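Architecture at a glance
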Amino acid sequence: MSALDSLRETFRRDQVFDFMRQGTRPVAPGQLDSGAGKNILYLEDITVSFDGFKALNDLTMYIKTGELRCIIGPNGAGKSTMMDVITGKTRPDSGTCFFGQTLDLTRMSETDIATAGIGRKFQKPTVFPEHTAFENLELAMHGAKSPWHSLFTQLSGEQKNWIEETLYTVGLLEDRNKVAGLLSHGQKQWLEIGMVLMQKPQLLLVDEPIAGMTRQEVERTGELLQSLAGKHSVVVVEHDMEFIRSIASTVTVLHQGSVLAEGTMEQVQNDPKVIEVYLGE
Amino acid sequence: MRDSTFKSAFNDRTAKTFMAVLFGATLLVTVLNQLFPADSVLHVSAYTVTLLGKYLCYALLALALDLVWGYCGILSLGHGAFFALGGYAMGMYLMRQIGDRGVYGNPELPDFMVFLNWSELPWYWHGFDQFWFTALMILLVPGLLAFVFGWLAFRSRVTGVYLSIITQALTYALMLAFFRNELGFGGNNGLTDFKDLLGFSLQSDTTRVGLLIATAVALAGAFILCRWITGSKLGRVVMAVRDAESRTRFVGYRTEHYKLWIFTLSAILAGIAGALYVPQVGIINPGEFSPLNSIELVVWVAVGGRATLYGAVIGAILVNYGKTVFTGIMPEAWLFALGGLFVAVTVFLPHGLVGLVAENWGKVKTRFAQNGNASNTTNPAEGDTP
C-alpha cells in the first residue's frame, strides 16, 4: 500500500504536468520558474577538477526560494569554485546546475546568467575604481544593456531615485560622487552589494561580505542581508562563525568539495564530523 | 549628474576650447597664406600649410587610438593599418582622376598597370572613379576589417599583450601583401603622381588650404563625437571594461560587443585620417602599413596623455613637430629619441603631458586657495577629477 502511495505521490498530475496546478501559469521557455515552495537553485552531482585535484566532488545542494543560506567550510573546501560554477565562470566536468526549474546554468554565459537574475559579490571587492559610487550603481542597474541603447540612454528621475535609495541602503549617500577606488575596504564591499542589488537579482551570491569591516559595519551588513532574504534568495559564504550564527537559519558545511553537513547552526555545531574537520581545529 | 546628449557634448567647455584653438590656428594659417604676398614676412608657405594639415591628420589618428586604448584599454599596435587602408581608398580615387594625363596616357588604366602589361582594370578598382563610392569605401573598408578582426579576437577573449601582438601581425601581413605587384595597388611604389581632387589641382595653394580646413573640420567633428561617446553611458561601460572586464560581464554587459563597437568606430576614424592624409602628402605606399608607424602612434598618445582625447591630439602634434625639427638636424638619431621619449614618458609621466599640467595646476590652485580664505574652500583637486 505504501509503495502505491509513494507512486501516486510521484506521479501526481499537478506535479508532473505543471499546467494542471490551480492558480499558476507555466513560464515561457527561457524564463525563471521558481514559484513559492520550490527551490531556486539545484546543484546536482557537480564535479570540477583542476589538474586532477577535485575542487568539487559530487556536490549536491538545493537552495529554497527566499531562503538565507550560509555556507562554511575550511580553505579549499570548494566554496568559491561552487560560486564560479553557478555564475558560469567555471564549467563543471559533470553534474547539473539549474536555476529554477528551467534554466540550465551550465549552458549559459556569464552575461546571460547575470541577466537571468543571479548577482554575485566577489570575495575581493571588485568595483569600477575610476567611476564614482553613483556611476557604479548606474552601470549595474537592471535594464537594457546593448551598446546602442547605452549610447542614447538618459537616466530618468525614477532611476535616479532608485540609485539614491540604494546608495542610502548601503550607506554611501554622502560619498556618492567619490571615485570608488578611494573608498575604504568596507565601503567597497557595500558598494558591491549595492551593485548586486541594482541588478534586481532573484538570487544573491555573497562571498565573504564582512572582511575588513568594523564591528558596526558587520552588524549593519547582517541586518541588510537578513532584510534581503524573503524577497530574494541569498547565499552567503563566510568564515566568521559569530556572524553566521547571528544571521543564518540554515547552514551548509562544505568539505573537500562536497556537502559534509546541513542544518541549523546548532545541529551543525554538534555534528561530530563537522567538529572533527572544522570546528575542532 | 552629467548631461550626456549630443548637444551637450557640443556645448561643453573642453569641446569649445578645443574648437576655438583648432579653428583659430587654421584660420590664422589660411589668412597668412592667402592674403599676404609670398615675399611678405608674415606669409606662410604652402609647405607649412600642408605640414599643419599632416599634423592634424595624425592628430585624428591619435584620437582614434585614444578611444580604444585610453578608454577601452585595447592597446592596438596595428592602427596604422586602418589609416593606410583609408589612404589607399583615397589614393585609388586620385589615381583614377589622373585619367589620360599619366606618363602612358592610358585613360582607363593607372600607369603602374600599363607598366605591368595589364590589359584591364581589376574588379576592385571599379567604382573608384566616383567620389561618393570612394567616400563610402574609406569608411567601409577599415570598418569592415576592424569588425571582422575584432569579432574574432574579442569573442575568443584575446586580450592584453596577445591582442597587441596580433594587431601588429595584422598590419605586418597587410604590408607584405601590399608590397606585391600582383595585388594591384602599385606594389613597392604605391600610388602617387596625383593631379587633382574633385576637380581642384592638388598643386595649388587654395586646394592645400582647403584640405587643411577639411582636416580641421574632420578633427573637430571626431572630437565632438568622441566627447559625446565617452560622456554617455556607453563611454562609462567602455571604461568599466577597461578597469574590470569580468565585473562588467557579471553585471550583465556583453563586453565583447562593446569592445567591437568602439574598435570599429576607431578604425573608421583612422581610415578618415588616412584619406585626408594622402592628398596632402601626395603619395601612399606600403610603408604606411609598417608596424613602426603604429608604434609611433602609440608613443604620441602616451606622450600627450591617455583617456583625455585632447591629450592625444596635443601629443600627436608635439611629437610630430619634434620629428620634423629633429630629422632636419640629426635624422639618424630620431628613432633613438623616440624610444627614449617613450621610456621617459612611461617612467616619469604615466598620465602624459596633459596629466603633468593638470597635476601642477591642481597644486597651484591648492596653494592659491590656502593663501586666500582657507576656511570656505573645498579641496580643488577633488573638483578637478573628471
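Read on for an overview of the structure. (Residues numbered from 1 in each chain as written. Chains lettered and ligands numbered in written order. Predicted model: local features only at pLDDT ≥ 70, side-chain atom pairs only at ≥ 80, totals over all residues.)

1. Points about the overall build of chain A
Heads up, the condition is: What counts as a helix is a DSSP run of H or I of at least four residues, what counts as a strand is a run of E of at least two, and both are numbered from the N terminus. Field definition: a residue is buried when 20 or more other C-beta atoms are found within 10 Å of its C-beta, exposed when 12 or fewer are, and partly exposed for counts in between, with C-beta atoms placed from the backbone. Throughout, a pair of residues is in contact if the C-beta atoms placed from their backbones lie within 7 Å.
What chain A contains, in helices and strands, is twelve helices and ten strands. Burial status across chain A gives 41% buried among its 281 residues. Here the analysis covers contacts within chain A between residues at least 6 apart in sequence; of these, 65% occur between residues at least 24 apart.

2. Some points on the sheet that holds strand 1 (residues 39-50) of chain A
In sheet architecture, strand pairing relies on hydrogen bonds along the backbone and comes in two forms, parallel and antiparallel. Residue and element names in this part refer to chain A. Test applied: By this definition, two strands are paired if DSSP reports at least two bridges between them. Here an angle of 0 to 180 degrees is reported between the N-to-C directions of two axes, which are lines fitted to C-alpha atoms, with helices fitted over the stretch in contact.
The sheet built from four strands is open, its strands ordered 2-1-4-5 with antiparallel pairing. Two strands close off the open sheet at either side, each with one partner strand: strand 2 (53-64) and strand 5 (103-104). Direction of pairing for strand 1 relative to strand 4 (residues 94-99): antiparallel, over a ladder of five bridges. In the sheet register, Tyr42 faces strand 4, and the bridge partner there is Phe98. Across the face of the sheet, helix 3 (residues 79-87) comes into contact with strand 1, strand 2 and strand 4 while running at roughly 65° to strand 2.

3. Notes on the nonpolar core
Definition in use: For the purposes of this analysis, a nonpolar core is taken to be any set of buried Ala, Val, Leu, Ile, Met, Phe, Trp, Tyr and Cys residues that are connected through C-beta atoms within 7 Å.
Ala59(B), Leu60(B), Leu61(B), Ala62(B), Leu63(B), Leu269(B) and Ala273(B) are the most contacted members of the largest nonpolar core, which has 167 residues in total. Ignoring anything within four residues of it in the chain, the contact list for Leu60(B) reads Ala218(B), Leu219(B), Ala222(B), Leu269(B), Ile272(B) and Ala273(B).

4. Looking at the interface of chain B and chain A
To keep things clear, this is the line we draw: Residues were grouped as follows: Ala, Val, Leu, Ile, Met, Phe, Trp, Tyr, Cys and Pro as nonpolar; Asp, Glu, Lys and Arg as charged; and all remaining residues, including Gly, as polar.
Facing 23 residues of chain B, the contacting portion of chain A comprises 26 residues. At the level of secondary structure, the elements contributing two or more residues to the side of chain B that touches chain A comprise helix 9 (233-243), helix 10 (245-250) and helix 11 (255-281) of chain B. In the side of chain B that touches chain A, the residues fall into twelve nonpolar, five polar and six charged.

5. Section: the packing of helix 9 of chain B against helix 11 of chain B
All names here are of chain B. Cut-off, in case you're wondering: With respect to orientation, any angle under 35 degrees is reported as roughly parallel, any angle over 145 as roughly antiparallel, any angle of 65 to 115 as roughly perpendicular, and every other angle as oblique. With the far helix as reference, a near helix turned anticlockwise by less than a right angle produces a left-handed crossing, and one turned clockwise produces a right-handed crossing.
Between helix 9 and helix 11, whose axes approach to 10 Å, the crossing angle comes to 110°. With respect to each other, helix 9 and helix 11 are oriented roughly perpendicular. Handedness of the crossing formed by helix 9 with helix 11: left-handed. Listed contacts from helix 11 to Val237, Val238 and Val241 of helix 9 are Thr255, Tyr258, Lys259 and Ile262. For the contact of helix 9 with helix 11, a count of residues per class yields five nonpolar, one polar and one charged.

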